[in-house]
Amino acid sequence: MSCGHDHHSTGLSGGALSAELTAADARCVDAGQKLTAPRRRVLELLLEAGQPVKAYDLIATFADGAPAKPPTVYRALEFLSKQGFAHRIESLNAYVACRHSSSEGADNHAAAFLICDCCGATREIDPAVLDSIQAAAGARDFTVQNVTIEAHGLCADCSA
Ligand SMILES: [Zn+2]
Ligand SMILES: [Zn+2]
(Lines give C-alpha, C1' and ligand atoms only; values in the text may rest on other atoms or scores of the structure.)
(Ligands and ions follow the chains in the order given, each with its own letter.)
Protein backbone atom coordinates (compact mmCIF):
# COMPACT_ATOMS: atom_id res chain seq x y z
CA MET A 1 0.00 0.00 0.00
CA SER A 2 1.91 3.05 -1.15
CA CYS A 3 0.79 6.13 -2.93
CA GLY A 4 2.58 9.39 -3.64
CA HIS A 5 0.87 11.70 -1.17
CA ASP A 6 1.27 12.23 2.56
CA HIS A 7 -1.07 10.67 5.05
CA HIS A 8 -1.64 11.87 8.55
CA SER A 9 -1.40 9.21 11.16
CA THR A 10 -4.32 8.64 13.50
CA GLY A 11 -2.16 6.91 16.09
CA LEU A 12 -1.96 8.02 19.70
CA SER A 13 1.11 9.17 21.58
CA GLY A 14 2.10 10.87 24.83
CA GLY A 15 -0.71 11.84 27.19
CA ALA A 16 -3.51 10.61 24.91
CA LEU A 17 -1.87 7.21 24.71
CA SER A 18 -1.35 6.84 28.45
CA ALA A 19 -4.89 8.09 29.14
CA GLU A 20 -6.27 5.40 26.83
CA LEU A 21 -4.16 2.71 28.52
CA THR A 22 -5.23 3.88 31.97
CA ALA A 23 -8.88 3.75 30.85
CA ALA A 24 -8.34 0.24 29.46
CA ASP A 25 -6.81 -0.81 32.77
CA ALA A 26 -9.83 0.52 34.67
CA ARG A 27 -12.24 -1.24 32.30
CA CYS A 28 -10.44 -4.52 32.87
CA VAL A 29 -10.69 -4.10 36.63
CA ASP A 30 -14.42 -3.37 36.29
CA ALA A 31 -14.84 -6.52 34.22
CA GLY A 32 -12.88 -8.59 36.72
CA GLN A 33 -10.07 -9.00 34.20
CA LYS A 34 -6.43 -8.11 34.28
CA LEU A 35 -4.57 -5.98 31.77
CA THR A 36 -1.32 -7.91 32.13
CA ALA A 37 1.95 -6.48 30.83
CA PRO A 38 1.83 -8.33 27.47
CA ARG A 39 -1.82 -7.39 26.92
CA ARG A 40 -1.06 -3.78 27.76
CA ARG A 41 1.97 -3.73 25.47
CA VAL A 42 0.04 -5.13 22.50
CA LEU A 43 -2.77 -2.62 23.07
CA GLU A 44 -0.18 0.15 23.27
CA LEU A 45 1.30 -0.89 19.92
CA LEU A 46 -2.14 -0.96 18.29
CA LEU A 47 -3.07 2.46 19.69
CA GLU A 48 0.26 3.93 18.57
CA ALA A 49 -0.23 2.59 15.07
CA GLY A 50 -3.78 3.92 14.76
CA GLN A 51 -4.36 1.55 11.87
CA PRO A 52 -4.42 -2.20 11.34
CA VAL A 53 -1.22 -4.04 12.28
CA LYS A 54 -0.34 -7.59 11.34
CA ALA A 55 0.42 -10.01 14.16
CA TYR A 56 3.97 -10.59 12.95
CA ASP A 57 4.67 -6.86 13.06
CA LEU A 58 3.40 -6.82 16.65
CA ILE A 59 5.68 -9.74 17.47
CA ALA A 60 8.64 -7.93 15.91
CA THR A 61 8.08 -4.64 17.74
CA PHE A 62 6.78 -6.08 21.01
CA ALA A 63 10.04 -5.69 22.91
CA ASP A 64 13.27 -3.82 22.31
CA GLY A 65 15.85 -6.20 20.95
CA ALA A 66 14.52 -9.73 20.75
CA PRO A 67 11.10 -10.38 19.18
CA ALA A 68 8.33 -11.66 21.43
CA LYS A 69 7.22 -15.27 21.59
CA PRO A 70 4.34 -15.53 19.08
CA PRO A 71 1.93 -17.25 21.54
CA THR A 72 2.35 -14.33 23.95
CA VAL A 73 1.19 -11.88 21.31
CA TYR A 74 -1.58 -14.12 19.95
CA ARG A 75 -2.96 -14.72 23.43
CA ALA A 76 -2.89 -10.98 24.13
CA LEU A 77 -4.70 -10.30 20.83
CA GLU A 78 -7.34 -12.89 21.68
CA PHE A 79 -7.92 -11.22 25.05
CA LEU A 80 -8.06 -7.72 23.56
CA SER A 81 -10.54 -8.83 20.87
CA LYS A 82 -12.75 -10.63 23.37
CA GLN A 83 -12.83 -7.63 25.68
CA GLY A 84 -13.58 -5.24 22.84
CA PHE A 85 -10.26 -3.38 22.90
CA ALA A 86 -9.30 -4.52 19.43
CA HIS A 87 -10.84 -5.96 16.29
CA ARG A 88 -9.50 -8.43 13.80
CA ILE A 89 -9.74 -7.22 10.21
CA GLU A 90 -10.16 -10.47 8.32
CA SER A 91 -9.49 -9.12 4.85
CA LEU A 92 -6.16 -7.65 5.94
CA ASN A 93 -5.29 -10.40 8.38
CA ALA A 94 -4.51 -7.65 10.86
CA TYR A 95 -5.70 -6.16 14.13
CA VAL A 96 -6.80 -2.64 14.95
CA ALA A 97 -7.47 -0.92 18.27
CA CYS A 98 -11.15 -0.29 18.93
CA ARG A 99 -11.75 3.41 19.26
CA HIS A 100 -15.07 3.00 20.99
CA SER A 101 -13.47 1.55 24.08
CA SER A 102 -13.12 4.64 26.20
CA SER A 103 -16.59 6.03 25.58
CA GLU A 104 -18.86 3.02 25.88
CA GLY A 105 -18.41 0.06 28.12
CA ALA A 106 -17.79 -1.82 24.93
CA ASP A 107 -17.29 -5.53 25.26
CA ASN A 108 -17.16 -7.81 22.26
CA HIS A 109 -19.26 -5.72 19.88
CA ALA A 110 -20.06 -5.85 16.21
CA ALA A 111 -17.96 -3.50 14.16
CA ALA A 112 -17.83 -2.14 10.65
CA PHE A 113 -14.75 -0.70 9.00
CA LEU A 114 -14.04 1.60 6.10
CA ILE A 115 -10.62 0.57 4.82
CA CYS A 116 -8.66 2.71 2.38
CA ASP A 117 -6.84 0.51 -0.12
CA CYS A 118 -4.45 3.34 -0.96
CA CYS A 119 -3.08 4.49 2.42
CA GLY A 120 -4.49 1.80 4.70
CA ALA A 121 -6.39 4.28 6.89
CA THR A 122 -9.11 2.34 8.66
CA ARG A 123 -12.07 3.93 10.35
CA GLU A 124 -14.48 2.10 12.62
CA ILE A 125 -18.12 2.97 12.08
CA ASP A 126 -21.36 1.76 13.60
CA PRO A 127 -22.64 -1.27 11.73
CA ALA A 128 -26.06 0.10 10.79
CA VAL A 129 -26.91 -3.11 8.95
CA LEU A 130 -26.50 -5.14 12.11
CA ASP A 131 -30.22 -5.05 12.92
CA SER A 132 -31.15 -6.51 9.55
CA ILE A 133 -28.49 -9.22 9.90
CA GLN A 134 -29.84 -10.07 13.35
CA ALA A 135 -33.39 -10.16 12.02
CA ALA A 136 -32.47 -12.38 9.07
CA ALA A 137 -30.46 -14.67 11.33
CA GLY A 138 -33.24 -14.80 13.93
CA ALA A 139 -35.73 -15.83 11.27
CA ARG A 140 -33.50 -18.85 10.59
CA ASP A 141 -32.95 -19.65 14.29
CA PHE A 142 -29.33 -18.68 13.85
CA THR A 143 -27.48 -17.12 16.76
CA VAL A 144 -25.01 -14.47 15.65
CA GLN A 145 -21.92 -14.34 17.84
CA ASN A 146 -19.63 -12.08 15.91
CA VAL A 147 -20.06 -9.71 12.98
CA THR A 148 -17.35 -7.71 11.31
CA ILE A 149 -18.12 -5.72 8.19
CA GLU A 150 -15.23 -4.57 6.07
CA ALA A 151 -15.72 -2.07 3.26
CA HIS A 152 -12.76 -1.38 0.98
CA GLY A 153 -12.27 1.75 -1.05
CA LEU A 154 -10.57 5.15 -1.01
CA CYS A 155 -10.54 7.63 1.88
CA ALA A 156 -11.24 11.34 1.33
CA ASP A 157 -7.52 12.19 1.13
CA CYS A 158 -6.74 9.50 -1.37
CA SER A 159 -9.70 10.13 -3.64
CA ALA A 160 -9.04 13.89 -3.69
ZN1 LIG B 1 -14.96 -1.45 18.20
ZN1 LIG C 1 -6.33 6.78 1.97
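Above this text is the structure in question.
Residues numbered from 1 in each chain as written. Chains lettered and ligands numbered in written order. Predicted model: local features only at pLDDT ≥ 70, side-chain atom pairs only at ≥ 80, totals over all residues. Heavy atoms only, no water.

**Student:** Which residues make up the nonpolar core, and what values do they have?
**Tutor:** The biggest cluster of nonpolar side chains holds 26 residues, and the ones touching the most others in it are Val 42, Leu 46, Leu 58, Val 73, Leu 77 and Leu 80. Of all the secondary structure elements, the ones that give two or more residues to this core are helix H1 (14-30), helix H2 (37-49), helix H3 (55-61), helix H4 (70-82) and strand S2 (94-97). With residues near it in sequence (within four places) discarded, Leu 46 still touches Val 53, Leu 58, Leu 77, Leu 80, Ala 86, Tyr 95, Val 96 and Ala 97. Core analysis: the second largest hydrophobic core is formed by 7 residues, Ile 89, Leu 92, Val 96 and Phe 113 among them. (Core = buried A, V, L, I, M, F, W, Y, C linked by side-chain atoms within 4.5 Å. Buried < 20%, exposed > 50% of the residue type's maximum accessible area, 1.4 Å probe, protein only. Helix = DSSP H or I, 4+ residues; strand = E, 2+ residues; numbered from the N terminus. Contact = heavy atoms within 4.5 Å.)

**Student:** Talk me through the pattern of salt bridges; I want residue IDs and the actual numbers.
**Tutor:** As enumerated under the stated definition, the model contains 3 salt bridges in all. Among the ionic pairs, Arg 40 bridges to Asp 25, the shortest N-O distance being 3.8 Å. With Arg 40 in helix H2 and Asp 25 in helix H1, this pair connects stretches of sequence that are 15 residues apart. On the basis of relative accessibility, which here comes to 31%, the residue Arg 40 falls in the partly exposed class. Notably, a salt bridge pairs Glu 44 with Arg 41, separated by 3.1 Å at the nearest N-O pair. In this pair, Glu 44 and Arg 41 both sit in helix H2, 3 residues apart, roughly one turn of the helix. In this structure Glu 44 comes out as partly exposed when scored by relative accessible area, which is 22%. (Salt bridge = Lys/Arg side-chain N within 4 Å of Asp/Glu carboxyl O.)

**Student:** Residue-level account of the side chain of Thr 122, with values.
**Tutor:** With respect to the helices, strands and loops of the structure, Thr 122 is situated in strand S4 (residues 122-125). Judged by its relative accessible area of 15%, Thr 122 is buried. Engagement of the side chain of Thr 122 in a polar contact is seen with the backbone oxygen of Gly 120, the distance being 3.0 Å. When residues no more than four places from it in sequence are discounted, the contact partners of Thr 122 are Pro 52, Ile 89, Phe 113, Leu 114 and Ile 115. (Polar contact = N/O pair within 3.5 Å; in protein donor to acceptor, adjacent residues only side chain to side chain.)

**Student:** Describe the pairing of strand S3 (residues 111-116), with residues and values.
**Tutor:** Counting buried positions along S3 gives 5 out of 6 residues, so the element sits mostly inside the fold. As defined by bridge partners, S3 adjoins strand S5 (residues 148-153) across 6 bridges and the pair is classed as parallel. Paired with Ile 115 across the strands is His 152, a residue of S5. Here S3 runs beside S4; their pairing, made up of 4 bridges, is antiparallel. Bridging across to S4, Phe 113 finds its partner in Glu 124. The turn linking S3 back onto S4 is made up of 5 residues, and Gly 120 within it adopts a positive phi angle of 85°. (Pairing = 2+ DSSP bridges.)

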